[in-house]
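# Remarks on the overall topology
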Amino acid sequence: MYAQMIKTARSGLKSHAEMSDQERDFQDRIDRDIKIEPRDWMPDDYRATLIRQIGQHAHSEVVGQLPEGNWITRAPTLERKAILLAKVQDEAGHGLYLYAAAETLGVSRDELIGLLHEGRMKYSSIFNYPTLNWADIGAVGWLVDGAAIINQVALQRTSYGPYSRAMVRICKEESFHARQGYHAIMKMAFGTPQQKKMAQNAIDRLWFPALMMFGPSDAESVHSEQSMAWKIKIKSNDELRQQFVDQTVPQIEYLGLDLPDPGIKWNDTTGHHDFTDPDWQEFFDVLKGNGPCNTDRMRDRVKAWENGKWVRDGLMAHASKKATSQAAAE
C-alpha cells in the first residue's frame, strides 16, 4: 500500500490556487492547529509523508537497540547494567507506539518491516556507526538521544493526532535516556586520565554523525517544505541542528572536554554558535547502505524477525481460537 502511494506521490508544494476545495479546508484546519485524526479526510501525499516519517522513526527506535544491546552484559557495574537494560527496553516500546500510530494510516506493521528489510525504508544513519567501548554507550545516550529529544519535543505539536500523542510519552522516556548518557560520560570525564581520554574519543567520533541525525541541510532536503506546510515537521533540519549545538557546547565545556569541532565559536551577531557542517557525502553514502555497520544492522534485524516467527504464529493461533470460541458461545 505505502509503496504504491510513493509511486503516485506528487512532489512540490501546491499553491492555494492549485488546491481543491477539500484540500483548502484541510490546510485551513492545519493552519488553525486542529489535529488531524485517522478518520478525517487527508490528501494521499499527506498520508504517504506521514507513513514515511513515522515508519522511519519506528525503525530507528528498533534498530537503535542494536548498538547498545551488545553492551548490556559488559556494563561496568550492576547499576549501569540495569539502566542500560531499561533503556533498550524503552526503545522497543517506542517502536511499538510508532508502528501503532502508522497503522492508523492504513499500513500494516508487517509491510513497514518488510520495506525496512528490503532496504526500501530507512532509519537514522547514526545507528550504522559502531559502539567500540563503554564511553560510546554514554555518548550515544547523551548526544544521540539528546539530538532525538530536540526533534521529538517539537513533534509533540505535529499535526497528526496519533503521532503527536505518542511523542508525549516517548519524550518523557527519552529525557531519562539523555540524562543517563550524560551522567555516564560525566563519570568518565571526571575520572582517571584514561577514562577522560576514552570519553573525549567517543565524542570526537560521534559528534558529526549526531549532527547528521537531523537530516540534510534545508537546501538539500526534498521533503521539508511540504512537511513544514502540513506541520508534520514543526522546525526545519537546520533549526534543530543549531538548537542541538547551542545546547550541547556548554555541556561539553562543563565536562572539561575539548570541543569535537575546532570550528565551533560563539557568534555575537547571530546569538548562536557557528560550527562546521557534517560531511554530507558521508551521510548520503551511509543512507545508501555503505556505512560501517549497515550490513550488520540489517542482518541482525532480519534474523530477529525470522527467529520470532513462531511467537507471532502462536499469538495469531491463540487469537483465532479465542475468536472462534466467542463466536460459538454467541
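Everything below is about the structure printed above this text.
## Concerning the overall build of the chain
Within the chain, the regular secondary structure consists of 14 helices and 2 strands. What you see for the chain is a C-alpha radius of gyration of 21 Å, in line with the 20 Å of a compact globule of 330 residues. Dimensions of the chain, computed from C-alpha atoms along their principal axes, come out at roughly 70 × 55 × 35 Å. For the chain, the proportion of its 330 residues judged to be buried stands at 48%. Contacts in the chain between residues at least 24 apart in sequence constitute 76% of all its contacts with a sequence separation of at least 6. Of the accessible surface of the chain, which amounts to about 16,600 Å², a share of 54% is contributed by carbon and sulfur atoms. Each charge class in the chain can be summarised by its mean position, and for the 40 positive and 45 negative side chains these summaries are 6 Å apart.

## Quick notes on the pattern of salt bridges
A complete count under the given rule lists 16 salt bridges for this structure. Between Arg 32 and Asp 28 there is a salt bridge; the shortest N-O distance is 2.9 Å. Taking the shortest distance from any N to any O, the salt bridge between Glu 118 and Arg 120 comes out at 2.9 Å. Shared partners join several salt bridges into a network, and the residues in it are Glu 68, Lys 87, Glu 91 and Asp 145.

## Digging into the side chain of Arg 297
With respect to the secondary-structure elements, Arg 297 resides in helix H13 (residues 294–307). Although buried, Arg 297 forms no salt bridge, and the nearest oppositely charged side chain, Asp 300, lies 5.2 Å from it.

## A word on helix H7 (residues 134–155)
Since there are 3.6 residues in each turn of an α-helix, residues three or four apart along the chain are aligned in direction. Its 22 residues place the ends of H7 31 Å apart at the C-alpha level, agreeing with the 32 Å of an ideal helix rising 1.5 Å per residue. When you tally the buried positions in H7, you get 20 out of 22 residues, the bulk of the element.

Conventions and cut-offs
- Residues numbered from 1 in each chain as written.
- Predicted model: local features only at pLDDT ≥ 70, side-chain atom pairs only at ≥ 80, totals over all residues.
- Heavy atoms only, no water.
- Helix = DSSP H or I, 4+ residues; strand = E, 2+ residues; numbered from the N terminus.
- Rg over C-alpha atoms; globule rule 2.2 N^0.38 Å.
- Buried < 20%, exposed > 50% of the residue type's maximum accessible area, 1.4 Å probe, protein only.
- Contact = heavy atoms within 4.5 Å.
- Areas by Shrake-Rupley, 256 points an atom, 1.4 Å probe, with all protein chains shown as cover.
- Lys, Arg positive; Asp, Glu negative; His and termini not counted.
- Charge placed at Lys NZ, Arg CZ, Asp CG, Glu CD.
- Salt bridge = Lys/Arg side-chain N within 4 Å of Asp/Glu carboxyl O.
- Expected span 1.5 Å × (residues − 1).

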